[in-house]
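Chain and residue survey
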Amino acid sequence: MKKNQWITPFKKQCFVTAGVCLNMASHGLVMGFSAILVPQLQQPDSPIPVDYSTGSWIASIPGFALVVGNFIVPTIMAKYGRRTANLISIAPMITGWFNILLARNVSALLIARFNQGIAMGMSASLGPVLIGEYTSPNNRGAFLTSISLTIATGVLAVHTMGSYLSWQTTALVCAFIAFVDLLIVIYSPESPSWLADQGRYDECRKVFRWLRSEEEEEELERMIEAAIVVRESKADVNLSESFLNKVKRNVSHFCSTIMKREFYRPIFIMMHIYTLGQWAGANILAAYTVDIFTAVIGEDINIPLLIITLDAQRIISNAAAIFVIKKIKRRTMLFSTVTLNLFAFISTAAYTYCKGRGLLPFDHPVIGIALIHIHMFTIATGTVPLPFIIAGELFPLEFRSLAGGISVLFLSTNLFIAVKTFSLLLKSIGIHGAYLIYAGVVAYCLVIAGFFLPETKDRTLQEIEDEFRGRPLTVEELKSTQSLTSWKLRSQDRRCSSPVV
């Protein structure tokens, strides 16, 4: 009895969240690994010689492969469950690390990084969904923020190891971390929301009560009641209709779905939030840390020490964000951190431009170091954690897998473009020109968020959905709404309104 009292629902939520977050930490390990892999491969005694262009492909190809993972995971999430999808996403990550460990040529490295990108694409869509369904509403924001904390920890870990170990040894340690994550996920339960959707109500109650406190029993019953309504509406569909009629019905249903305000508005917002998050510079600082320090400060510095210090600051800022996010509204935090991010971009661009042309009346490495740390602070506290937090709160549960997959497509596309083109921009227009382009993209996305992003802090998912819809659902709409089961691309806990004409 004492043991059960000690293992509180909060600690259980921490355990299952750890399985998700360690998977998300692989994002930091993969993106940060290129910052130590490419420089080592460019050494004269490298077993796999690479040039500047090949190095940019090694760094950026996970962003391209993210698209594949985005398309794979919604079907697995809906048909086989969230936990199963999480397990499957770990497999290509482990395979990728061992492929890197055994690589003897560039092609093998690219294939390994592509596999890791697939895993990243799957976990990017899956992570916020799982945490949102596992955790209590009052702790949801903090748990979602822990995603960015583990990503930052992954970057620090791989940069630190790579500063003192070979890239082969570093890959072996990263593979071990992924294996530990696999063990945690194996012993984690399935999402209660998915169990309810599958009609497995007894299992749903058992898992929900294991994860949550007694005060949240009302949420459990409402979730099951909603799932029952949908399953009954599905049973009323004429299953004997012809294949052609089924196709027509599904196409018609999909067309009506994409016209719903609560479907396309969150996607439109998240397209820009994810774009903002990628062009704010998180993956650039992780993948091209050495190049940025050299371009901003110079070569006569202890770069490994500066990299470790920067990554440590990122972790501290991420940890602080977990507590701050519980106090400050989402919009306030987004606008304050992104505005500071724009300041860091523009100030660094002006500093490097003037420094390169001898226009500075006074110069010292501390100035460049401070600008890079300010930039990292804005990333760690805002542009990395907030997209995951907002994604976990913005989408209606009925369309979460489908809408999340569509919007995360913009995350992967922008990640690939930003990382792949950075080296080209650095060589052609300098870091000041690259940073001004980044600032322009971020500023545009911030304006869009200012007009369309609602405040989500301390609001239920149903309240957020009703705001997008413009009104609450009527009883008739709730009973008559068909599910998206035929598309195998969603989690059905709540219903959606009729489309907007």
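First, a word on what this report is: a plain description of the structure on this page. Worth saying up front: this structure is predicted, and the values here are computed from it rather than measured.

Rules used throughout
Residues numbered from 1 in each chain as written. Predicted model: local features only at pLDDT ≥ 70, side-chain atom pairs only at ≥ 80, totals over all residues. Heavy atoms only, no water. Axes fitted to C-alpha atoms, helices over the stretch in contact; angles between N-to-C directions. Helix = DSSP H or I, 4+ residues; strand = E, 2+ residues; numbered from the N terminus. Parallel < 35°, antiparallel > 145°, perpendicular 65-115°, else oblique. Left-handed = near helix turned anticlockwise from the far one by under 90°. Contact = heavy atoms within 4.5 Å. Nonpolar A, V, L, I, M, F, W, Y, C, P; charged D, E, K, R; others polar. Salt bridge = Lys/Arg side-chain N within 4 Å of Asp/Glu carboxyl O. Buried < 20%, exposed > 50% of the residue type's maximum accessible area, 1.4 Å probe, protein only. Phe/Tyr/Trp six-rings, centres within 6.5 Å; stacked < 30°, edge-to-face > 60°. Patch = residues over 30% accessible without salt bridge, like charges linked within 9 Å, V, L, I, M, F, W, Y side chains within 5 Å. Areas by Shrake-Rupley, 256 points an atom, 1.4 Å probe, with all protein chains shown as cover. Core = buried A, V, L, I, M, F, W, Y, C linked by side-chain atoms within 4.5 Å.

Description of the packing of helix H4 (residues 82-102) against helix H7 (residues 167-186)
At a minimum axis separation of 9 Å, H4 and H7 run at an interaxial angle of 165°. Compared by their axis directions, H4 and H7 come out roughly antiparallel. Along this stretch, H4 crosses H7, giving a crossing that reads as left-handed. Between H4, through Arg83, Asn86, Leu87, Ile90, Met93, Ile94, Trp97, Phe98, Ile100 and Leu101, and H7, the contact on the second element is made entirely by Trp167, Gln168, Ala171, Leu172, Cys174, Ala175, Ala178, Phe179, Asp181, Leu182, Val185 and Ile186. The class makeup of the residues in the contact of H4 with H7 is 18 nonpolar, two polar and two charged.

Examining the pattern of salt bridges
By the definition in use, this model includes four salt bridges. Two residues, glutamate 133 and arginine 82, come together in a salt bridge whose shortest N-O distance is 3.0 Å. One end of the pair, glutamate 133, is in helix H5 (residues 106-134); the other, arginine 82, is in helix H4, and 51 residues separate them in sequence. Neither residue differs from the other here; glutamate 133 and arginine 82 are each classed as buried. Put simply, glutamate 203 and arginine 200 hold a salt bridge, and the shortest N to O gap is 2.9 Å. Exposure remark for glutamate 203: the relative accessible area of 38% places this residue in the partly exposed category. Residue arginine 200 is classed as partly exposed on the basis of its relative accessible area of 34%.

What to know about the packing of aromatic side chains
For any pair of aromatic rings, geometry is given as the distance between the ring centres together with the angle between the planes. Enumeration over the complete set of coordinates arrives at 11 aromatic pairs. Between phenylalanine 33 and tryptophan 97, the ring centres sit 5.2 Å apart and the planes meet at 90°, which makes this aromatic pair edge-to-face. Note that phenylalanine 33 is positioned in helix H2 (residues 9-41) and tryptophan 97 in helix H4, a separation of 64 residues in sequence. A relative accessible area of 0% means that phenylalanine 33 is categorised as buried. On the basis of an interplanar angle of 65° and a centroid distance of 5.9 Å, the ring pair of phenylalanine 345 and tyrosine 438 is categorised as edge-to-face. One end of the pair, phenylalanine 345, is in helix H16 (residues 330-356); the other, tyrosine 438, is in helix H20 (residues 430-452), with 93 residues separating them in the sequence.

A short note on a nonpolar patch on the surface
A cluster of nonpolar side chains, namely Phe15, Phe179, Leu183, Ile186, Tyr187 and Trp210, defines an oily patch on the protein surface of about 600 Å² accessible area. With three residues, H7 is the single largest residue contributor to the nonpolar patch. Tracing the chain through its elements places isoleucine 186 in helix H7. We classify isoleucine 186 as partly exposed; its relative accessible area is 39%.

A word on the nonpolar core
Counting 130 residues, the largest nonpolar core has Phe33, Trp97, Trp167, Ile292 and Phe422 as the members making the most contacts within it. Look past the residues within four positions of tryptophan 167 in its chain and what remains in contact with it is Phe33, Ile36, Leu37, Gln40, Leu41, Pro47, Ile48, Ile100, Ala103 and Leu109. Formed by seven residues, the second largest nonpolar core is a distinct cluster that contains Leu156, Ile308, Ile315 and Ile322.

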